[in-house]
Amino acid sequence: MVQFHHNIIFDLLDEPSGGLVVLSAGLGLPKLISALLSLHDPAQGSLLLLSASSSQRSEIALHHPGTSEITSELSAHHRLSLYTSGGIFFITARILIVDLLTSRLPTTSVAGIILLNAHSLSDTSTEAFIVRILRSSNRSLYVRAFSDSPQSMVSGFAKSERILKCLGLRKLHLWPRFQVYVSQDLERNQPEVIDIRVPMSPHMLGIQKAVIEVMDGCLKEMRKTNKVDVEDLTVESGLFKSFDEIVRRQLDPIWHTLGKRTKQLVSDLKTLRKLLDYLSRYDAVTYLKYLDSLRASESFRSVWVFSESSFKIFELAKKRVYHFGRSDGRKRKLDNRNKDGDDSRASANNGVVLEKTLEAPPKWKVLREILIEIQEETQKQATVGEELLVGADEGQNGIVLVACKDEHTCMQLQDFINKGQHKVMLEEWEKYLLGKVELRALPKSNKNKQKTSKGFGILDGVIPSISGQRAEVTSISKQENDALLAAAHVISKEAKRDSNVEVDGVSEEHGRGRKTQSKKNKSLIDITDSELETVVQSEDHPSKSEDKTNVSHQLYGRESGTESLDKGVLRKHSKKLENTNEFPSVHFHALESDQVILDIFQPSVIIFYHPSVAFVREIEIYKAENPSKKLKVYFLFYEDSTEVQKFEASVRRENGAFESLIRQKSLMLIPVGQEDNFQGSNSSFEPQSLTAQNLVTRKAGGRKEAEKEMQVIVDMREFMSSLPNVLHQKGIRIIPVTLEVGDYILSPLICVERKSVQDLFISFSSGRLYNQVEMMSRYYKIPVLLIEFSQDKSFSFQSASDIGNDVTPTSIISKLSLLVLHFPRLRIVWSRSLHATAEIFATLKANQDEPDEVKAIRVGVPSEEGIIGNDIRAENYNTSAVEFLRRLPGVTDSNYRSIIDGCNNLAELALLPLEKLTELMGGNKAAKILRDFLDAKFPTLL
């Protein structure tokens, strides 16, 4: 553990009630918490860790093995024994709050709470609910919250102050990377850093420039709306995921008033950011595959696809993989004079050529050179007798760690090291072509239906002569697609043929002799509907100005018939790599996995294939903890790329966030007795002093009337939301149970089913809401459907102009209307926010009795004993008889319950006289209608 971790722990121990620690990403937060856990004394009570992610749990458990986890699979008695054992436990907020409300957890047995990811907390979160309940009865409890995301701590108005208030804390500890103690510890023993700037290929530079132009155009369109803060709409801020949250947070209150174009612009900006990220992350074939999926999924609704620069993106991405042209060397231009279908015939006669380029990522070559350099340096030191890169006292060989963004890049780089870049790119190319064949095979069932003419123009297969330019594009893209499909068919045939051939010397020679004969095939691609044979031809003499990555033209075959021969050459060429295993000590690490890797492998060389600020800090911590270890770090950046810009901007954003937090801390207003506010929830139950009672002299001698305590029965599943917390803040007692019917029971008559807007749409689609309302109507007199909106979003489903006059199956308003018509007793309550819901619940409970917990649990639950008298279980209701009764003439929703109470079955109802029916049904008219219906004779055929 580094020295500044000790300083953080000393600051926390000075404050007995706890504090909030915000530090830079990657500064060893799990190690800090593990060191803090080692100071825990079991005699003080149990220590509970909340809101920890899976990676944080595993890393803390690695450094401090004494921790365990409390899950819902454990019985209540087992959990109680763990709570009172004085150990250290990971637990979810949902389990802990239920155990607190049901008194399964003695609050005095908890010594403290450690909250991770404090930036995700709010005053309505379940964690704040837990802290408030524990502190109301345990004054010695300490709460220590941690966050390593300073950008999230400044995302809202005075967020850090509000988090301190909801946790009852007074101390905010800020530890940025530029803090004096941190910088001294990390800069005392720095690793050797080598920054390598790899030039991007001309096509990559063109794609990046085009994407930035499209992104800038979308941002200019967003500025025209005058509904978003213009300062946030920059290309630099658009490189981060938080940009989407910023824009959506500003547009959510007016989202229903925005047009489709503005909504699509928000989605397009997210897509364009991915295009920039994937350009430097993936190879050319994978990038083209992603662009093809975008063209298929977003071509009809996207704004950016139809911009002028987007054409450059698709064309340059295609040129990185293959070229499509005429066999006579001309570019793929057709004569404008041929407009009425002559173009396709000309291409069929002259033939076209599909040339593979398969541009490898420029970083691959540099990475291989670095690994060769490291290996040569290690061998040189070993022969001279000098110390290896990894110290001799550690007993480690020189392990090289390559840090990548995701698992896909790790696997691909591993294949590149073992097989070589040409074979890897060829495999990606074959996967790309075979994927096109699979997509072509999907809509085969509708092939015959498409022959019938159901449209006009392009939809009918006839291109009008007016649009000559569009006819060219259509015919060219058809030729290109046919050429790709033909090449894919050849590859699939040869893959089947090669699967039957053994990989030995004899079969290789026979295969080579047999396959060289296929060079005599024609070298041009004549694309017709009846002919699928194609030749994938590459240039015979690449120009000297081409990069070494274009050596693939020489290794790969010049014709499709030589593909399998090329596989034999490549197989023979890559045997050296696979057998000799040039780089045995190279390990790949995916940064997205968040695994503990440095302390396990203890590498001597780290190569950043994809840069990450957090992992840079982890390396600095690792080097500070091991000052005697020699460590060399390589950074691979694409020169003049958004990759560099994003890395530098992330450092600036973090520093700016800490500067903002420092200013907020200097101006922060925190009440002196903030901790005592949490004890105030129990003050209403304590007897008041005589002076306080005599302040009101006009009410029965100054005595204060005892207020009736409200209570609400809440389903266990509802603790995923923040509503129980808000209800508890209003002084309502929460009783958590497992309910079969409804989510909240307000009284013996009122049952509430709560739905958020998203959940409402899903419940209508699945039909679950109909069953829920039916059950509520069966067992409760006043069933209520609560539709709850978010406070920061618009209080409407859609704008008034979008509501039509007709009933449509897709309209949410139509669905609600049909639901109310089918269940007339259903009441719909609209709530603007969580706090508005709490006010509505208090109003509904004003003149109602308190609900019975035992009865609420038994509602709708099947019983093993059968029918029980005066019970409300499912077996005591003959639903078929009730439904039949409600359909009889004269029976309404207001009188069918009294009919059920007045007679035992339908047979007894049929024999009741008119006077008795009048008494039960509350009127002579309704009773006479029912009596006439029951006494009516059947019609006869005679």
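The sections below set out a description of the structure shown in this document. (Residues numbered from 1 in each chain as written. Predicted model: local features only at pLDDT ≥ 70, side-chain atom pairs only at ≥ 80, totals over all residues. Heavy atoms only, no water.)

**Focus on unusual backbone geometry**
Inference 1: Even without being glycine, Gln602 reaches a positive phi, approximately 50°.
Inference 2: Relative to the elements of secondary structure, Gln602 occurs in the loop between helix H23 (598-601) and strand E13 (605-608).
Inference 3: Even without glycine at this site, Asp640 takes up a positive phi of about 55°.
Inference 4: Inspection of the secondary structure assignment puts Asp640 in the loop between strand E14 (632-638) and helix H25 (642-667).
Inference 5: Using a relative accessible area of 64% as the deciding quantity, one classes Asp640 as exposed. (Helix = DSSP H or I, 4+ residues; strand = E, 2+ residues; numbered from the N terminus. Buried < 20%, exposed > 50% of the residue type's maximum accessible area, 1.4 Å probe, protein only.)

**Points about the environment of Ser604**
Inference 1: With respect to the helices and strands, the residue Ser604 is situated in the loop between H23 and E13.
Inference 2: The buried category is assigned to Ser604, whose relative accessible area is 1%.
Inference 3: Remark: the alpha-carbon pair of Ser604 and Lys629, spanning 25 residues in sequence, is separated by 7.7 Å.

**Overview of the pairing of strand E3 (residues 67-70)**
Inference 1: Note: E3 against strand E4 (residues 88-91), 4 bridges, orientation parallel. Opposite Ser68, over in E4, you have Phe89 as the bridge partner.
Inference 2: For the crossover that starts at E3, traverses helix H4 (residues 76-83) and ends in the parallel E4, the hand is right-handed. (Pairing = 2+ DSSP bridges. Right-handed = clockwise from strand over helix to strand, strands pointing away.)

**Re the sheet that holds strand E20 (residues 827-831)**
Inference 1: Ordered in space as E16-E15-E17-E18-E19-E20, the 6 strands form an open sheet in which the pairing is mixed. Both outer strands of the open sheet, strand E16 (733-737) and E20, are each paired with one neighbouring strand and no more.
Inference 2: With 5 bridges joining them, strand E15 (residues 711-715) and E16 adopt parallel strand pairing. Each residue of the ladder has a partner; that of Asp715, found in E16, is Val737.

**Some details on the state of the cysteines**
Inference 1: By the definition in use, this model includes 0 disulfides.
Inference 2: With no disulfide of its own, Cys410 lies 4.0 Å from the sulfur of Cys404, the closest cysteine sulfur.
Inference 3: Given a relative accessible area of 5%, Cys410 falls into the buried group. (Disulfide = S-S within 2.5 Å.)

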